[in-house]
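# Report on the structure
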Amino acid sequence: MTERKPPGVNFETWVDRQIRDAQERGVFDGLTGAGKPLPGLDKPYDELWWVKDKMRQENLSYLPPTPALRKEAEDALVAAKRAPSEGKVRRIVAEINEKIGALLAKPPPGPPLGIRPFDVEEIVADWRRRRRAG
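Residues numbered from 1 in each chain as written. Predicted model: local features only at pLDDT ≥ 70, side-chain atom pairs only at ≥ 80, totals over all residues. Heavy atoms only, no water.

### Details of the side chain of Asn97
Filter applied, for reference: A run of H or I in DSSP counts as a helix once it spans at least four residues, and a run of E counts as a strand once it spans at least two, with each numbered from the N terminus. Exposed residues in this analysis have more than 50% of their type's maximum accessible area, buried residues have under 20%, and partly exposed residues fall in between, with area computed by a 1.4 Å probe over protein chains only. Any pair of nitrogen or oxygen atoms within 3.5 Å is treated as a polar contact; in protein, a donor-acceptor pairing is required on top of that, and neighbouring residues in sequence qualify only through side-chain atoms on both sides. The contact criterion used throughout is that any non-hydrogen atoms of two residues lie within 4.5 Å.
When you line up the elements, Asn97 lands in helix H4 (residues 86-105). Taking relative accessible area as the criterion, Asn97 reaches 15% and is therefore assigned buried. Within the structure, the side chain of Asn97 is placed 2.6 Å from the backbone nitrogen of Phe118, a separation counted as a polar contact. Beyond its immediate chain neighbours, meaning those up to four positions away, Asn97 contacts Pro117, Phe118 and Val120.

Encoded structure:
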């Protein structure tokens, strides 16, 4: 379909002719999903359906900055508990504390963060207790 629309021909007529010619040549034969219903056709219309679908396909998610950081802080505490060394615990806590501090210094719009930087020494002491007990 590299030819240009001829002058004086209605655009819709020209497009319909292009589609009909392609169908006659078999261009559309054997396409994936041919003869199957469109997915999501029975669901209510959502203007952002394509964004949500793309995010689902790419295994992405989006949270506003403060809930995302709360989740990241929870994950950091779990990682710190499982860390193989005290140095790794300190790095994990230092990194998340830096992010928490930055968000507290300049809060974004939306819900408040609701957490403070973690006490590194307290977390390291807890890590040591777990290592001795385990």
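Now that the structure is up, let's keep going.
### Comments concerning the confidence of the model for the protein chain
Where the model shows low pLDDT, its predicted coordinates should not be examined in detail. Stated formally: Per-residue confidence from the predictor is reported as pLDDT, a score between 0 and 100.
Mean pLDDT over the protein chain stands at 88; residues scoring 70 or higher make up 98%. Predicted confidence in the protein chain is weakest over helix H1 (residues 11-25), with a mean pLDDT of 86, and strongest over H4, with 95.

### Observations regarding a nonpolar patch on the surface
Convention followed: Here a patch means residues that are over 30% exposed by relative accessible area and free of salt bridges, tied together within 9 Å if like-charged and within 5 Å if nonpolar (Val, Leu, Ile, Met, Phe, Trp, Tyr). Each accessible area is a Shrake-Rupley result for a 1.4 Å probe, and residues are judged covered by the shown protein chains and nothing else. Any carboxyl oxygen of Asp or Glu that lies within 4 Å of a side-chain nitrogen of Lys or Arg is treated as forming a salt bridge with it.
Nonpolar side chains collect at one region of the surface, where Ile19, Val27, Phe28 and Leu31 lie side by side and expose about 340 Å² of accessible area between them. You can see Ile19 is positioned in helix H1. For Ile19, a relative accessible area of 40% translates into the label partly exposed.

### Thoughts on the pattern of salt bridges
Tallied over the full model, the rule gives 10 salt bridges. Lys52 is the salt-bridge partner of Asp46, the closest N and O atoms lying 2.5 Å from each other. Overall, Lys52 belongs to the partly exposed group, its relative accessible area being 42%. Arg90 is paired through a salt bridge with Glu86; the nearest N and O atoms lie 3.2 Å apart. With Arg90 and Glu86 both in helix H4, this residue pair falls four residues apart, about one helical turn. According to the relative accessible area criterion, Arg90 is partly exposed, its value standing at 28%. Assessed through its relative accessible area of 24%, Glu86 is described here as partly exposed.

### Some remarks on the packing of helix H3 (residues 65-82) against helix H5 (residues 120-133)
Note the cut-off: Axes here refer to lines fitted to C-alpha atoms; in helices the fit is confined to the stretch in contact. Angles between the N-to-C directions go from 0 to 180 degrees. Any angle between 65 and 115 degrees counts as roughly perpendicular, while under 35 counts as roughly parallel, over 145 as roughly antiparallel, and the rest as oblique. Residues are grouped as follows: nonpolar covers Ala, Val, Leu, Ile, Met, Phe, Trp, Tyr, Cys and Pro; charged covers Asp, Glu, Lys and Arg; every other residue, Gly included, is treated as polar.
Where H3 meets H5, the axes come as close as 9 Å, and the angle between the chain directions of the two elements is 45°. As far as their axial angle goes, H5 and H3 are oblique. In this structure, H3 uses Leu77, Ala80 and Lys81 to contact H5, whose residues at the interface are Ile123, Asp126, Trp127 and Arg130. Across the contact of H3 with H5, the residue classes break down as four nonpolar, no polar and three charged.

### Description of the packing of H3 against H4
For any two helices packed against each other, one specifies the inter-axial angle together with the distance between the axes. The condition that has to hold: The handedness criterion is simple: a crossing whose near helix is rotated anticlockwise from the far helix by less than a right angle is left-handed, and one whose near helix is rotated clockwise is right-handed.
As a packed pair, H3 and H4 sit with axes 9 Å apart at the nearest point and diverge in direction by 165°. Comparing their axes, H4 and H3 come out roughly antiparallel. In terms of crossing hand, the pair formed by H3 and H4 is left-handed. Across the interface between the two elements, Pro65, Thr66, Leu69, Glu72, Ala73, Ala76, Ala79 and Ala80 from H3 touch Val89, Ile92, Val93, Ile96, Lys99, Ile100 and Leu103 from H4. Residue classes in the contact of H3 with H4 are distributed as 12 nonpolar, one polar and two charged.

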